[in-house]
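Here is what each chain is made of, one letter per residue.
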Amino acid sequence: MASFIVEEFIGGGPFKELVPKMVEEGFDDVPKLKMMNSDDMDRVSMTHQQKDALEIRTYLHDRFLMRYADKLEASGKPLVELLNYNTTILSSQYGMVRGHAARFRTQSKLSNETNHVRIKEGHAFKGIVASAPVEARLCCCIRPPPMVENVSPYSSIENISIEKLAPEYKIGMERLVELKAPPMKASELWKNKLVKDFWPRYWGGVVILDRGNEFFKALGGGKQIKENFITGFVFNARARANYRRAKATGLERNLRGKDGTKGGLLVVGRGRSGIAYQFIERNFGDSAPIDEVIEICSQLQK
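One structure accompanies this document, and this report is about it. (Residues numbered from 1 in each chain as written. Predicted model: local features only at pLDDT ≥ 70, side-chain atom pairs only at ≥ 80, totals over all residues. Heavy atoms only, no water.)

1. Notes on the pattern of salt bridges
Side-chain pairing between opposite charges can occur once the charged atoms of the two side chains come close. Heads up, the rule is: Definition used for salt bridges: Asp or Glu carboxyl oxygen within 4 Å of a side-chain nitrogen of Lys or Arg. Strands here are runs of E lasting at least two residues and helices are runs of H or I lasting at least four, both read from the DSSP assignment and numbered beginning at the N terminus. Exposed residues in this analysis have more than 50% of their type's maximum accessible area, buried residues have under 20%, and partly exposed residues fall in between, with area computed by a 1.4 Å probe over protein chains only.
In total, this model carries 10 salt bridges according to the counting rule given. As a salt-bridge pair, arginine 211 and glutamate 163 come within 2.5 Å of each other at their nearest N and O atoms. Residue arginine 211 is found in the loop between β4 (207-209) and α12 (214-219), and its partner glutamate 163 is found in strand β2 (residues 161-166); the two are separated by 48 residues along the sequence. Where glutamate 214 meets lysine 217, a salt bridge forms, and the shortest distance between an N and an O atom there is 3.4 Å. Here glutamate 214 pairs with lysine 217, and both are found in helix α12, just three residues apart, close to one helical turn. For glutamate 214, a relative accessible area of 32% translates into the label partly exposed.

The following block contains the structure:
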């Protein structure tokens, strides 16, 4: 997801006047705003225009296209109508470069696998393991790293020692304020909480440090997933495509990493219910499909 604090996400349009009321109702960061449902919108007396603006900004935020939010919002048109515009209109009327216009018009679809995910009360969901496709490289002379087939056990993450480096950003607070806090167990992050209450986002939320890279080991079934630059990037067309896509977002970036270590995403259920979703970065730059993550999180909240 893109790196935006609340004020930048809301912009200077019809949303701005609602800020005090949204803060009062607890919608004081970007992920919570994006999770608002129709009842939440009615509770803060959101107008039809403001609802359209939220839908547009949420859609753009998920696709790293927030630079066009003000122009699209000012058009007064709903998202469903804007999505029907062709690349030429989006470029000429709203200033989108062609690559961004193509990304705007591409709507992700839920995978068949997540459509069948059902988490019932009292059932410890075993979860699913997901990754992007991989291909043999250099005329099949180089094989991709093996795939972890089973979801990591809860015991592999429960007692990981972590440190909180900065508090969660809220409206009116300074970002990433320096804060000293004692180490704590990772399980404290989701103990007695729903998934939506914890947002491990670098740009506005709690910054958590895992000094021993234990979460990386959990993702890889007990060991870190690594690959060198030559086989993992130079000879990997998907990794190169990921790099070009990331570069096209215009966000600040660097190529610093740690020994070719690959990461991923863990969605953890409340209490001791375990890992519901485990996405593994098999190609450098792979990221979990946002629709899959939303589907899993929605099921966890039922």
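After that view of the structure, there is still more to cover.
2. Some points on the nonpolar core
As a rule of thumb, soluble globular proteins bury nonpolar side chains together. Quick note on the threshold: Here, the term nonpolar core denotes a set of buried Ala, Val, Leu, Ile, Met, Phe, Trp, Tyr and Cys residues that are joined through side-chain atoms within 4.5 Å. When checking whether two residues touch, look at their non-hydrogen atoms; a contact exists if any pair is within 4.5 Å.
Grouped together as the largest cluster of nonpolar side chains are 32 residues, with contacts concentrated most on Met22, Met36, Leu72 and Phe104. Residue assignment for this core shows that the elements contributing at least two residues are α1 (6-10), α2 (19-24), α3 (30-34), α5 (48-62), α6 (69-74), α7 (79-82), α8 (87-94) and α9 (98-105). Beyond its immediate sequence surroundings of up to four residues, methionine 36 is in contact with Met22, Phe27, Met41, Val44, Met46 and Leu54.

3. Quick look at unusual backbone geometry
Although it is not a glycine, serine 45 adopts a positive phi angle of roughly 55°. Relative to the elements of secondary structure, serine 45 occurs in the loop between α4 (38-43) and α5. Among the residues examined, serine 45 registers a relative accessible area of 46% and is labelled partly exposed. For asparagine 213, which is not glycine, the phi torsion reads 55° and is therefore positive. Relative to the helices and strands, asparagine 213 resides in the loop between β4 and α12.

4. Describing a nonpolar patch on the surface
Just so we agree on the cut-off: Residues enter patches when they are more than 30% accessible in relative terms and free of salt bridges; like-charged ones are connected within 9 Å and nonpolar ones (Val, Leu, Ile, Met, Phe, Trp, Tyr) within 5 Å. The method behind every accessible area is Shrake-Rupley, applied with a 1.4 Å probe, and residues are considered shielded solely by the protein chains displayed.
On the surface, a nonpolar cluster with roughly 440 Å² of combined accessible area is contributed by Leu138, Phe229, Ile230, Val234 and Phe235. Examined against the element boundaries, phenylalanine 229 turns out to sit in helix α13 (residues 229-234). Using a relative accessible area of 53% as the deciding quantity, one classes phenylalanine 229 as exposed.

5. Concerning the packing of aromatic side chains
Applied cut-off: Pairing of aromatic rings covers Phe, Tyr and Trp, the last through its six-membered ring, and needs centres within 6.5 Å; plane angles under 30 degrees mean stacked, over 60 mean edge-to-face, and all others mean tilted.
Per the stated rule, a full pass over the model turns up four aromatic pairs. Relative to phenylalanine 104, the ring of tyrosine 59 lies with its centre 5.5 Å away and its plane at 80°, an arrangement referred to as edge-to-face. In this pair, tyrosine 59 sits in helix α5 while phenylalanine 104 sits in helix α9, placing the two residues 45 residues apart along the sequence. The pair formed by tyrosine 59 and phenylalanine 104 is uniform in burial state, with each residue classed as buried. Ring geometry for phenylalanine 229 against phenylalanine 233: centres 5.2 Å apart, planes inclined by 20°, an arrangement best described as stacked. Linking phenylalanine 229 with phenylalanine 233, this pair stays in helix α13, spanning four residues, or about one helical turn.

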